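Coordinates in review
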Amino acid sequence: MAGRYGFAQFFSRDKVKTFKPKKKFEQGTLKFNLHKQANASLSSGIDLKEVVRLPPQEDLNDWIAVHVVDFFNRINLLYGTICEYCTEETCTTMSGGPRYEYQWCDTDSVKYKKPTALPAPKYISLLMDWVESQINDENIFPVKVGVPFPKNYLQVVKKLLTRLYRVFVHVYIHHFDTLVALGAEAHVNTCYKHFYYFVVEYSLVDKKELEPLKDMTARICH
């Protein structure tokens, strides 16, 4: 399915709680190849604070949509690198240290209409499935050129990115040593900086949600 943004690879958890390829969002034939423009920044050494700014003549909603898909893919892969170390026994809650705990809520589901405490792997599995369903909903992310974004588009995007940020929180606070041991620290830091600069540039994640990683952010996001 080629479309407005096209499709890059989605990853989701299988029955043994590991990540495997499921779908892929590949960048299609948009008027502007926004994905390549954004993706190149991660390996080019370009100032990410400048890169996240809206290019001239680009549509802001399209620019945001491409980044939402890209961040989803990257964070999904990031968690996939450490998921075998994040189990229901080691991570009994979806947390970011003792001060921050996240409960899952999905008003469209039968089981999670109210906030529910879950082990981190279960929370993240539900989160990834939920984000995928939102991105696949053409009423929220229209794929045909000329079809407008819905009025609640930014509201949905803010919720998506806020929840995805919580994966960074959990991974950095509870699995940082594993990232270092795997040699993934530098790459994850770059992905985090890209995400952070983007959501701050467009005010897409509330400041209070960014609090758990405030000290680290001050060190790596100058």
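Residues numbered from 1 in each chain as written. Predicted model: local features only at pLDDT ≥ 70, side-chain atom pairs only at ≥ 80, totals over all residues. Heavy atoms only, no water.

In this section: the overall build of the protein. Looking only at helices and strands, the protein features 7 helices and 2 strands. In sequence order, the protein lays out its α and β elements as β-β-α-α-α-α-α-α-α. Here the protein, with 222 residues, has 53% of them falling under the buried criterion. Restricting the contact set of the protein to residue pairs at least 6 apart, pairs at least 24 apart contribute 69%. Approximately 11500 Å² of the protein is accessible, and the part contributed by carbon and sulfur atoms is 51%. (Helix = DSSP H or I, 4+ residues; strand = E, 2+ residues; numbered from the N terminus. Buried < 20%, exposed > 50% of the residue type's maximum accessible area, 1.4 Å probe, protein only. Contact = heavy atoms within 4.5 Å. Areas by Shrake-Rupley, 256 points an atom, 1.4 Å probe, with all protein chains shown as cover.)

Moving on, we get to helix α6 (residues 185-201). Across its 17 residues, α6 extends 24 Å between first and last C-alpha, which sits within 8% of the 24 Å expected from 1.5 Å per residue. What α6 keeps buried is the set Val188, Asn189, Cys191, Tyr192, His194, Phe195, Tyr196, Tyr197, Phe198 and Val199. Following α6 by one or two positions, Ser203 has its phi on the positive side, about 50°. (Expected span 1.5 Å × (residues − 1).)

Further remarks concern the pattern of salt bridges. Per the stated rule, a full pass over the model turns up 4 salt bridges. One salt bridge connects Lys214 with Glu211, and the closest N-O pair in it is separated by 3.5 Å. Taking the relative accessible area as the measure of exposure, Lys214 reaches 45% and is therefore partly exposed. Since its relative accessible area comes to 33%, Glu211 is described here as partly exposed. (Salt bridge = Lys/Arg side-chain N within 4 Å of Asp/Glu carboxyl O.)

Taking 1.5 Å as the rise per residue, helix α5 (residues 153-181) with 29 residues should run 42 Å; its terminal C-alpha atoms sit 39 Å apart, in good agreement. At His175, α5 shows its maximal bend, which comes to roughly 85°. Note on α5: the residue one or two positions beyond its end, Gly183, has a positive phi of about 70°. (Bend = angle between axes of the 7 residues up to and from the residue.)

On to the environment of Arg99, then. Note that Arg99 resides in the loop between α3 (60-82) and α4 (120-136). By relative accessible area, Arg99 is classed as exposed at 69%. Through-space distance from the C-alpha of Arg99 to that of Pro212 is 8.2 Å; in sequence the pair is 113 residues apart.

Residues Phe141, Leu161, Phe168 and Tyr192 are the most contacted members of the largest nonpolar core, which totals 63 residues. Looking at this core, the elements that each hand over two or more residues are α3, α4, α5, α6 and α7 (214-220). Ranked by residue count, the leading element in this core is α5, at 13 residues. Among all residues touching Phe168, those that are not within four sequence positions of it are Ile75, Leu78, Cys191, Tyr192, Phe195 and Leu213. (Core = buried A, V, L, I, M, F, W, Y, C linked by side-chain atoms within 4.5 Å.)

Another aspect to go through is the packing of aromatic side chains. Summed over all chains, the structure comprises 17 aromatic pairs. On the numbers, 6.2 Å between centres and 25° between planes, the contact of Tyr172 with Phe176 is stacked. Placement of the pair is Tyr172 and Phe176 together in helix α5, with a separation of 4 residues, close to one helical turn. Sitting over the ring of Trp104, Arg163 keeps its end group 4.2 Å from the ring centre. Sitting above the plane of the Trp130 ring, Arg163 keeps its charged end 4.5 Å from the centroid. (Phe/Tyr/Trp six-rings, centres within 6.5 Å; stacked < 30°, edge-to-face > 60°. Lys NZ or Arg CZ within 6 Å of the ring centre and 35° of its normal.)

A few words now on the state of the cysteines. Overall, the coordinates contain 0 disulfides when judged by the stated rule. Of the cysteine sulfurs around Cys83, a residue in no disulfide, the closest is that of Cys86, at 8.2 Å. (Disulfide = S-S within 2.5 Å.)

Residues annotated in UniProt with the feature "binding site: Zn(2+)" (unreviewed entry) correspond here to Cys86, Cys91, His170 and His175. Taken along the chain, the residues just named run across 90 residues; in space they keep tight, none of their C-alpha pairs more than 10.1 Å apart. The topology assignment puts His170 in helix α5. Overall, His170 belongs to the buried group, its relative accessible area being 0%. (UniProt positions renumbered as here; feature names shortened; annotations may be inferred.)

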